[in-house]
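# Overview (structure and organization)
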Amino acid sequence: MCKYIDAVVYDDPATGLIGIQLVRESDLLAAPTLTADEVESVGATRISWTDLKSTVKVTYTDPGRNYETGGVMAQNSAVVRALGGAVDLESRDAPAFTSATVATVSATRLLRAMSYPLSKVEVKGNRALASLRAGQAFRLQWARPSIDAYYRVTRVDLGSSNDPWPTVSGVEDVFAAASNTFTPPVTGGGGAVGAAAL
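For every chain, the first residue of its written sequence is number 1, and the numbers climb from 1 along that sequence. Predicted model: local features are reported for residues with pLDDT of at least 70 only, side-chain atom pairs are reported and counted for 80 or more only, and whole-chain, interface and lining totals are derived from all residues. To obtain the side-chain values, all non-hydrogen atoms of the structure were included, while hydrogens and water were left out.

## A short note on the nonpolar core
A general trend in soluble globular proteins is that nonpolar side chains are found buried together. Throughout this description, the term nonpolar core refers to a set of buried Ala, Val, Leu, Ile, Met, Phe, Trp, Tyr and Cys residues connected via side-chain atoms within 4.5 Å. Only protein chains enter the calculation, and the probe is 1.4 Å; a residue is then buried if its accessible area is under 20% of its type maximum, exposed if over 50%, and partly exposed in between. Grouped together as the largest cluster of nonpolar side chains are 16 residues, with contacts concentrated most on Val42, Val121, Phe138, Leu140 and Ile147. In DSSP terms, a helix is any run of H or I states spanning at least four residues, a strand is any run of E spanning at least two, and both are numbered starting from the N terminus. Those elements that provide at least two residues to this core are strand 4 (39-46), strand 8 (119-125), strand 9 (137-142) and strand 10 (147-157). It is strand 10 that contributes the most residues to this core, four residues altogether. In this structure, Ala94, Phe97, Ala103 and Ala107 belong to the second largest nonpolar core, which totals twelve residues.

## Some words on the layout of surface pockets
Grid spacing is 1 Å over the protein atoms alone, the probe is 1.4 Å, and a cavity is where that probe fits but cannot get out, while a pocket is an open set with protein on both sides within 12 Å along at least five of seven lines and lining residues have an atom within 4 Å of a point. Grid points are joined across faces, edges and corners, and a volume is the space filled by probe spheres set on the points. By volume, the largest pocket is sized at about 890 Å³. Along the wall of the largest pocket there are 37 residues; nearest its centre are Asp6, Val23, Leu110, Ala113 and Val171. Listing elements by their share of the lining of the largest pocket, those giving two or more residues are helix 1 (2-5), strand 1 (7-11), strand 7 (89-93), helix 3 (100-114), strand 8, strand 10 and strand 11 (167-172). At six residues, the largest contribution of residues to the lining of the largest pocket is made by helix 3. For this classification, Asp, Glu, Lys and Arg are treated as charged, while Ala, Val, Leu, Ile, Met, Phe, Trp, Tyr, Cys and Pro are nonpolar and the rest, including Gly, are polar. When grouped by side-chain class, the residues that make up the lining of the largest pocket number 21 nonpolar, five polar and eleven charged.

## Things to note about the sheet that holds strand 5 (residues 55-62)
As summarised here, the arrangement of the three strands in space is 6-5-7, forming an open sheet in which the pairing is mixed. Looking at the sheet topology across the chains shown, the edges are occupied by strand 6 (68-75) and strand 7. Strand after strand, the sheet turns through a mean of 25 degrees between neighbouring axes, direction not considered. When strand 5 meets strand 6, the two strands line up antiparallel, connected through eight bridges. Note that in strand 6 the partner of valine 58 across the bridge is valine 72. Across the sheet, helix 3 lies against strand 5, strand 6 and strand 7, angled at about 155 degrees from strand 5, the strand it touches most. Note on pairing: two strands pair once DSSP finds at least 2 bridges between them. For helices, the fitted line uses only the C-alpha atoms of the stretch in contact; every axis is such a line through C-alpha atoms, and the angle between N-to-C directions lies from 0 to 180 degrees. A contact between two residues is defined here by any heavy atoms of the two lying within 4.5 Å.

Here you go:
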């Protein structure tokens, strides 16, 4: 169900209930901002170009063809060229879709996230971080590495008795990728190094 509505299911430690977070662009308007006041340390990386998907295929149920399986594709030609013409295909089955239009919208949305070298962060800080939930958007403003960007929470580690500092893992929000700024740290990894305006 989550893949159809673009949502994240999580356990809420405050209430003991299971919650669901829809991933929507409007979330950014109310996203909390994390700065040095709440954050102790930040680790940041960027997804390598070799890990990107250049093409997404979504299959659906086609009522116009006696309810046989149909398929639509979305492709980022810039990524294809960047990878030397290689086509890296990601396939998703969505039998609940019965419209090529809806399937195309889904493929385009998936491609937008899978074909962009988004950054990832691990943020460690005070108990204010413990209020964040999976799928929630937050804005991170940090000096070194230089970051002013929106992220989506992928995991929250509430800490332990030996290490009470919560740690939040996040991936760059694709809705805000065009306006985010992130200077990746210099490492020996495969990610991009240097200043980048996202």
